[in-house]
Amino acid sequence: MPENTPTPGAVPEGAADGTPHLQFRDVVKKFGDNTVLDDLNFSVSQGERVTLIGPSGSGKTTILRLVMTLEELTGGYIDISGQPLQYTERGGKRVRVPDKQRRRTTTQIGMVFQHFNLFPNMTVMENIIEAPVHVMGLGRDEAADKAEALLDKVGMAWKKDARPSQLSGGQQQRVAIARALAMDPEILLLDEVTSALDPELVGEVLGVLKDIAAETDISMLIVTHEMQFARDVSHRVMMFDQGSVVEQDSPEKIFTEPEHQRTQDFLRAVL
Amino acid sequence: MSDIWSWEHAAAALPALLEGFKVTLLATLLGTLIAVVLGLVVAIVRRTAPRILSLPVTGAVEFIRMTPLVVQLVFANLVLSQFFETLTIGIWVLGIHYTTYMAEVYRAGIDSVAKGQWEAATALSLPRARTWRAIVIPQAVRNTLPALGNYAISMFKETPFLIVIFISEMVNQAQNYGANTYRYTEPITMAGLIFLAASYPMSLLIRRLEKKLA
């Protein structure tokens, strides 16, 4: 179990057989002629929380979107617990994984978005039980009980019958977190989850996430501009620039004595 | 007797007009039902089906939109009258003609659903069919309700074209009354007023709906 406040060198061990939970192999992503990620290799261990930092346009969000299959890989492979996510190698050829199989893999992955993306035509409760009922095949009552507990955890049980439009940004994001957790994800992707919030609402969302980090061993891939949050919850921080890793280390090391000039410049600009 | 307007003729024409109005109403309701359902099907096919299926559908839609309703009515009646009742043909032609317009409305509605909604559905691993049914269509239809209502009114006002295949809707009844009595002013005026009385409240309703959705 990862501790609440990770210390340097406390990065959790990989899965028992040593297979990384999430692995990028030679990943290339281009949008037209624009190469966003160029031959990227990295992995995340079971239960590890990794924060991606770097200037905008450095490809951080693209990494999360690739893991969620919201973007198609241009080259390379992503594996989840050793299983191919988007493409696989067969007979020396790179073969696309069919949608159905992709969906089976992505049920292990949850994502929280910058703009919440709750379904406005559903109540808070309906938002949360939608996937458990229609993807995992849970009964409505069972799903509702579980949703109730999750809403309680994020402090939103009292709004379960409200529509998203009746909630503040912070409340919507807390519901979105509960919605992602309702699928019991093993990997959680947090994509600038506080960037669209009024400053006074950021705290409630980060508080909820810190609790979740403390209470579960979900692996997390985090893109954020909240450096204190990154410092509090992550085991490892990866500094990106122009589609590749500039340096990576424990948050203490990165935030106190970063080695590279580009990391120093970036941190000076944002801190 | 007054030459321009006779209340007696107005009153005498009324029963036949109301009889015709029933046909008008029936054609509008069933035609709208066909257009509302088929329009959605067409919009979804054009968006999701492989080219081999979506291309012919697109071709048919464009063909129907680019030819006049009257021509379609006469043509369909010529070809199909030995198999179906005239009213059935009329209703289907109206319905399919408006299907092509409603499909465009739905297309705009589907496009207006935010990209983030699709992405959230993917993030929850929802199957495609469920995403359409539970998330995209409800939001798209909500956005398109006012436009769909306006097309329903428009169809209502175009039902008199059914005259060309001799369906006794309201305006046809008015003409018949005129042909028998040489009094056209009263029945035609009354028919116009009945149209107004029916479509104006509906347009007010749609305007309220628009405000509510905005």
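Going by the structure above, here's the rest.
What you see is a predicted model, and the numbers here were worked out from it, not measured in a lab. (Residues numbered from 1 in each chain as written. Chains lettered and ligands numbered in written order. Predicted model: local features only at pLDDT ≥ 70, side-chain atom pairs only at ≥ 80, totals over all residues.)

**A short note on the overall build of chain A**
Logical step 1: For chain A, the helix and strand inventory stands at nine helices and 12 strands.
Logical step 2: Taking 271 residues into account, the globule formula puts the C-alpha radius of gyration at 18 Å, and chain A, at 18 Å, falls close to it.
Logical step 3: Each of the three principal axes of chain A carries a C-alpha extent, and together these read 50 × 50 × 40 Å.
Logical step 4: Residue burial in chain A is summarised as follows: out of 271 residues, 43% are buried.
Logical step 5: Considering only contacts in chain A between residues 6 or more positions apart, those separated by 24 or more positions represent 65%. (Helix = DSSP H or I, 4+ residues; strand = E, 2+ residues; numbered from the N terminus. Rg over C-alpha atoms; globule rule 2.2 N^0.38 Å. Buried ≥ 20, exposed ≤ 12 C-beta atoms within 10 Å, placed from the backbone. Contact = placed C-beta atoms within 7 Å.)

**As for the interface of chain A and chain B**
Logical step 1: The partner chain B presents 14 residues to the 19 residues of chain A that form the contact.
Logical step 2: The set of elements that each furnish at least two residues to the side of chain A that touches chain B consists of α2 (99–106), β8 (109–112) and α3 (124–134) of chain A.
Logical step 3: At three residues, the largest contribution of residues to the side of chain A that touches chain B is made by α3 of chain A.
Logical step 4: Among the residues forming the side of chain A that touches chain B, the class breakdown is nine nonpolar, eight polar and two charged. (Nonpolar A, V, L, I, M, F, W, Y, C, P; charged D, E, K, R; others polar.)

**Thoughts on the packing of helix α7 (residues 170–181) of chain B against helix α8 (residues 185–213) of chain B**
Residue and element names in this part refer to chain B.
Logical step 1: Running from N to C, α7 and α8 cross one another at 165°; their axes reach a closest spacing of 8 Å. Judged by the angle between their axes, α7 and α8 are roughly antiparallel. Handedness of the crossing formed by α7 with α8: right-handed. On α8, the residues touching Met 170, Val 171, Ala 174, Tyr 177 and Gly 178 of α7 are Pro 187, Ile 188, Ala 191 and Ile 194. (Axes fitted to C-alpha atoms, helices over the stretch in contact; angles between N-to-C directions. Parallel < 35°, antiparallel > 145°, perpendicular 65-115°, else oblique. Left-handed = near helix turned anticlockwise from the far one by under 90°.)

**What about the sheet that holds strand β9 (residues 187–191) of chain A?**
Remark on secondary structure: sheet strands pair via backbone hydrogen bonds, oriented parallel or antiparallel.
Residues and elements named next belong to chain A.
Logical step 1: With mixed pairing, six strands are arranged side by side in an open sheet as β8-β9-β10-β3-β11-β12. Lying at the two open borders of the sheet, with one neighbouring strand each, are β8 and β12 (244–249). The average angle at which neighbouring strand axes cross in this sheet is 20°, direction not considered.
Logical step 2: Pairing geometry for strand β3 (residues 49–53) and strand β11 (residues 236–241), over four bridges, is parallel. Considered in β11, the bridge of Val 50 is made with Arg 236.
Logical step 3: Sheet strands touched by helix α1 (residues 60–67): β3, β8, β9, β10 (219–223) and β11. Its angle to β10, the strand with the most contacts, is close to 145°. (Pairing = 2+ DSSP bridges.)

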